[in-house]
Amino acid sequence: MLGNFSFGDYFKKEAIKWAWELSTIEYGLPADRLWISVYEDDDEAFAIWTKEVGVPVERIKRMGDEDNFWTSGVTGPCGPCSEIYYDFQPERGYSDVDLGDDTRFIEFYNLVFMQYNKKDDGSLEPLKQMNIDTGLGLERMARILQKVPNNYETDLIYPIIEKASELANVSYALADDHAKMNLKVIGDHLRAIVYLISDGVVPSNIGRGYVARRLIRRAVRTGRLLGIKGDGRGNPEGAFLPTIAEKVIELSSQIDPDVKSRAPRILEELKREELRFVQTLERGEKLLDEMLANALLNSNENGNGPILSGKDVFLLYDTYGFPVEITTEAAEEHGVGIDMNGFEIEMENQRRQSQAAHNAVKLAVGNGAVLTENISDTEFLGYETLSTKAVIEGLLVNGNPVIQVSEGSDVEIFLNRTPFYAESGGQIGDHGFLYVNEDRNQKNAVVEIKDVQKSLGNIFVHKGTIKEGVVEVGKEVEAAVDANLRQRAKIHHTATHLLQAALKKVIGDETSQAGSLVAFDRLRFDFNFHRPLQEKELVEIEELINGWIGDATLLQTQVMPLADAKRAGAIAMFGEKYGEQVRVVEVPGVSMELCGGTHVSNTCEIRGFKIISEQGIASGIRRIEAVAGDAFIEYVNARDNHMRQLCSTLKVKAEEVTTRVEALLEELRMTRNEVSAVRAKAAVYKASVMAGNAFPVGTSKKIR
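The structure reproduced in this document is the subject of the present report. Quick caveat: nothing in here was measured; it's all calculated off a predicted structure.

This paragraph deals with helix α4 (residues 138-146). Of the positions making up α4, those classed as buried are M141, A142, R143 and I144. Residues of α4 that are buried make contact with β5 (76-87), β6 (105-118) and β7 (124-136). After α4 finishes, the residue K147 shows a positive phi value of roughly 55 degrees.

Structure below.
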């Protein structure tokens, strides 16, 4: 879109005259082929077009709110529009003209006259400052000037279509309308995708990254419908999008040279996304074909229109990872509708099941039996306390339900309440002990807990080993979390939030979390980004985080409605399922995230933060590992010990180690060169000795 703005400088008269001048003089469009639309009540614009520009009254149409009145929202700046249309068929005359007839007209220029403010009651008041917003479609103007039947056949897109036609082994000129439409989809989408990735958008399941992924997936499926197989270079299993993208990159070289310099990343990203989606596509296509055939068969039998049920759409989505948009598109191609209401009901049912207060827990066990008990959700008390009394509601040994477990056995324990945090949101489960008391003075049994996981709904499974005594279902226990390990986890979890905030400040808001691990000894954070971080960026990230730690900021935690949390700007992890009420953890002025994990009360508890590695783990995905708190001190001490040993071995001070090592490497390089030279001389000498021992063969005596 080409455009220009004015904020209180010029207004209708100038905007209209300049639009006409650009169209008729600079672009050379015939004036008698241009039609004008104005808002139905905009007599001022009508008069300018007729009296000052000279457009005949019969080529000006007054139109209503839907077509010619622009608003920025329910309230706010708004105003009438005036548009310029090009007439491809002027021979049809002036009677019964409909500017919305796209077989004859194309709107290529729009002038918005922002002269009002729309109030809450819907009334309009004049703005003190009249503004202009104009837009001219680049592809539309190219279509007009190049005299082609549509935007896709301009030199902006058609070369891409030709490349796709070549791979599909079809002629665009001879193709039917359906095949032409598919080729246009590929041409349009590939151009958009290449520029998105070039500008730093990484295909993902969130925000603008999902826009890129959706375009890629539609292009892949469309190519398969056209019969494109392989990369066009002899590899039938190869990706074809990169081959077509090379043409897009070639076309961009005169417009945006950065696209060419980023070509390797663009092509690799496309290859990875296509090959990954083909696996999803192949899994779902066969089942979808069967479902569509059944829908058509049932339609013929009952006389109703063919519909794909919400359950079928949900099965494709949930079990086979088949995007709903692709299912809808495929169904439409076969004349089958989609029960979207049914699909939404299935999605809602899944959400409710995961949040149910009481669940029938079915756990597959080793001998094929099933443990079925009505076990209520575990009451989690770990935000407020690290120890509590609880009752054992169930026991499993090797997956088998038991009533009693004795010393030395590994066991899974279900409690009615617990202070133990169960692994979720990237944070590992707490460690600690369960004590079974027969009386006040004697501990009857001790269970060491090494992991806590969540089962269906919100049921906590405590995994451990019986260290002493016997445990039984129904017994009361004292559940105690290892306070030191919990503190380590809290430190690393809060440090993870600070890391995400620092990344957004240093490399940009477009980066987003792609996974995490909050452990006792370290933290790991995966994020979307297209290149390795530079050393200076890593230093800046560490400085920011350690600065926030030094600020000794009190964290704020509150539970609020999900909608309120999002409005407040809280960051949500894509893919996580949230209830109507969510827990928001905020480091004021730094970070605000939806999070059910455990955190420090004050950033000063973290004490220190250090990045220990940064690496790529997949195309477009980077990983940072870091340490904080006690783990940070242990890491620094270990590195200091290594340095002391190195200084002792090299007999230099710490600040001289680098210079000494560089000198040793240079000595080693020179020594290796000397050895190579000696070996070369020895080889030459051996060759001369061998040559001296050569003897003549044959009658000619010329061959030795």
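After presenting the structure, the write-up continues.
The strand order across the open sheet built from four strands is β23-β24-β29-β28, with neighbouring strands paired in antiparallel fashion. Either end of the sheet is taken by a strand with one partner, and the two such strands are β23 (513-518) and β28 (609-618). Adjacent strand axes in the sheet meet at a mean angle of 15 degrees when their direction is disregarded. By the bridge criterion, eight bridges tie β28 to strand β29 (residues 621-628) in an arrangement that is antiparallel. What sits directly across from I611, in β29, is A626. Lying over the sheet, helix α15 (residues 535-550) contacts β28 and β29, oriented at roughly 135 degrees with respect to β28.

A word on the sheet that holds strand β26 (residues 581-587). Spatially, β25-β26-β27 is the arrangement adopted by the three strands of the open sheet, whose pairing is antiparallel. Edge positions in the open sheet fall to β25 (556-561) and β27 (591-594), since each of these has one partner strand only. If you compare each strand with its neighbour and ignore which way they point, the axes differ by 25 degrees on average. Pairing analysis gives six bridges linking β25 to β26, with the strands arranged antiparallel. When the sheet's bridge partners are listed, T557 is paired in β26 with V585. Helix α14 (residues 483-507) contacts β26 and β27 of the sheet and is inclined by roughly 120 degrees relative to β27.

All chains considered together, the criterion is met by zero disulfides. Between C78, a cysteine without a disulfide, and C81, which holds the nearest cysteine sulfur, the sulfur-to-sulfur distance is 10 Å. The class of C78 is buried, set by a relative accessible area of 0%. For C81, a relative accessible area of 4% puts it in the buried group.

At a closest axis distance of 11 Å, the pairing of helix α7 (residues 207-225) and helix α12 (residues 324-333) adopts a crossing angle of 35 degrees. Considering only the axes of α7 and α12, their crossing is right-handed. Two secondary-structure elements touch here, α7 through Y210, R214, R217, R218, R221 and L225 and α12 through E325, I326, E329, A330 and E333. Split into classes, the residues belonging to the contact of α7 with α12 amount to four nonpolar, no polar and seven charged.

Quick look at helix α1 (residues 12-26) now. Here α1 spans 20 Å end to end across 15 residues, near enough to the 21 Å set by a 1.5 Å rise per residue. Those residues of α1 that fall on the buried side of the exposure criterion are K12, A15, I16, A19, W20, S23 and T24. Seen from one end, α1 has its buried residues packed into an arc of 135 degrees, which puts them on one side. In α1, the exposed positions that point more than 90 degrees away from the buried face belong to I25 and E26. Those residues of α1 that are buried lie in contact with β2 (34-39), α2 (43-53), β5, β6 and β7. Looking one or two residues past α1, G28 carries a phi angle of roughly 70 degrees, positive in sign.

Cut-off values and rules
- Residues numbered from 1 in each chain as written.
- Predicted model: local features only at pLDDT ≥ 70, side-chain atom pairs only at ≥ 80, totals over all residues.
- Heavy atoms only, no water.
- Buried < 20%, exposed > 50% of the residue type's maximum accessible area, 1.4 Å probe, protein only.
- Helix = DSSP H or I, 4+ residues; strand = E, 2+ residues; numbered from the N terminus.
- Contact = heavy atoms within 4.5 Å.
- Pairing = 2+ DSSP bridges.
- Axes fitted to C-alpha atoms, helices over the stretch in contact; angles between N-to-C directions.
- Disulfide = S-S within 2.5 Å.
- Left-handed = near helix turned anticlockwise from the far one by under 90°.
- Nonpolar A, V, L, I, M, F, W, Y, C, P; charged D, E, K, R; others polar.
- Expected span 1.5 Å × (residues − 1).
- Arc of directions from axis to C-beta.

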